[in-house]
Amino acid sequence: MNPDLPFSPAADRNRGPIGDMLQQWLPRGAAVLELASGTGQHAAHLAAVRPDWTWQPTEAEAAALPALALRCAGLANVAVPQHLDVLNGPWPTRPGGWDAVFCANLVHIAPWAVTPALMRGAASVLAPQGQLVMYGPYIVDGEPLAPGNQAFDADLRQRHPAWGLRRLAAVDEVAAAAGLQRVGRADMPANNLMLRWRFAKSVTT
Ligand SMILES: C[S@@+](CC[C@H](N)C(=O)[O-])C[C@H]1O[C@@H](n2cnc3c(N)ncnc32)[C@H](O)[C@@H]1O
């Protein structure tokens, strides 16, 4: 590991559980578009664990791209990281669409407008049978919010009034407006959730 690269202790902790769940949810040979790749720790880990997956990292912070590229250098199944602000696009496309769009820890550390933009953008680039997978903390109606998430929410709102944990019901609503229906939820360590949506028209009941 290059000690000069930016490092997220949280990404180091959660990459294993995220990888375990993605391996259950994503098909063999999946082509994955990652949003808000940050330090690239998830991209590098997941691409190494699954050489059959191809991974396209993206990040809104242009200054983060060189380190992200450096972290993934040497992994033949990781494409050159691209600039993507989900509010503005343009979204990287792929013939036939992406099998998955993956995004960890974005929607609570961004204004609400990012969430509907993310849903619309993901729906515009996913393959017909593709899935959107998101990881992070959420507020679930009817379920107590863990003290750690309450404190995290308060801290986020203090840092920026437009930030904060999102209500899962509200996220599902904007997903539905983009044609996506939630088809999976997994409870993850440290009171995080892993969620997945597919095109409603592809879901057989
Ligand atoms: C908390 S970090 C999460 C990084 C990584 N996904 C992880 O879980 O370790 C949030 C990331 O979202 C990115 N971000 C913020 N606003 C964004 C936007 N509008 N579009 C795409 N990425 C954005 C930030 O630059 C940052 O890298």
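Residues numbered from 1 in each chain as written. Predicted model: local features only at pLDDT ≥ 70, side-chain atom pairs only at ≥ 80, totals over all residues. Heavy atoms only, no water.

Draft legend 1. Region of the structure containing the pattern of salt bridges. Overall, the coordinates contain nine salt bridges when judged by the stated rule. In this structure, the salt-bridge partner of Arg 28 is Asp 52, at a minimum N-O distance of 3.6 Å. Taken together, the residues Arg 28 in the loop between α1 (9–25) and β1 (31–35) and Asp 52 in the loop between α2 (41–49) and β2 (54–59) connect sequence positions 24 residues apart. Arg 28 gets classed as exposed once you look at its relative accessible area, which sits at 69%. Because the salt bridges share partners, they merge into one network encompassing Arg 28, Arg 50 and Asp 52. (Salt bridge = Lys/Arg side-chain N within 4 Å of Asp/Glu carboxyl O. Helix = DSSP H or I, 4+ residues; strand = E, 2+ residues; numbered from the N terminus. Buried < 20%, exposed > 50% of the residue type's maximum accessible area, 1.4 Å probe, protein only.)

Draft legend 2. Geometry of the side chain of Glu 34. Tracing the backbone through its elements, the reader meets Glu 34 in strand β1. A polar contact of 3.0 Å, which involves the side chain of Glu 34, links it to the side chain of Ser 37. Not counting residues up to four positions away in its chain, the partners in contact with Glu 34 are His 42, Ala 43, Trp 55, Gln 56, Pro 57, Thr 58 and Phe 102. (Polar contact = N/O pair within 3.5 Å; in protein donor to acceptor, adjacent residues only side chain to side chain. Contact = heavy atoms within 4.5 Å.)

Draft legend 3. Focus on the packing of aromatic side chains. One pass over the full model with this rule turns up two aromatic pairs. Following the ring pairs from residue to residue traces out a cluster consisting of Trp 53, Trp 55 and Phe 102. (Phe/Tyr/Trp six-rings, centres within 6.5 Å; stacked < 30°, edge-to-face > 60°.)

Draft legend 4. A look at the site of the ligand. Around the ligand, a shell composed of 16 residues is seen, among which Ala 36, Glu 59, Asp 85, Val 86 and Ala 104 lie nearest. Within the backbone of Ala 36, one N or O atom sits 2.7 Å away from a nitrogen atom of the ligand. One of the side-chain nitrogen or oxygen atoms of Asn 105 is found 3.0 Å away from an oxygen atom of the ligand. For the ligand, whose free accessible area comes to 590 Å², the fraction covered by protein is 79%. With respect to the detected pockets, the ligand is housed in the largest pocket. When grouped by side-chain class, the residues that make up the shell around the ligand number nine nonpolar, four polar and three charged. (Near = heavy atom within 4 Å. Areas by Shrake-Rupley, 256 points an atom, 1.4 Å probe, with all protein chains shown as cover. 1 Å grid on protein atoms, 1.4 Å probe; cavity = no way out; pocket = protein on both sides within 12 Å on 5 of 7 lines; lining within 4 Å. Sits in = over half its atoms within 2 Å of the grid points. Nonpolar A, V, L, I, M, F, W, Y, C, P; charged D, E, K, R; others polar.)

Draft legend 5. Here's a closer look at the environment of Trp 25. Locating Trp 25 in the fold gives a position in helix α1. Judged by its relative accessible area of 11%, Trp 25 is buried. Taking the C-alpha atoms as reference points, Trp 25 and Ala 100, separated by 75 residues in sequence, lie 9.7 Å from one another. Leave out the neighbours within four places in its chain, and Trp 25 touches Gln 131, Val 133, Gly 184, Arg 185, Ala 186, Met 194, Leu 195 and Arg 196.

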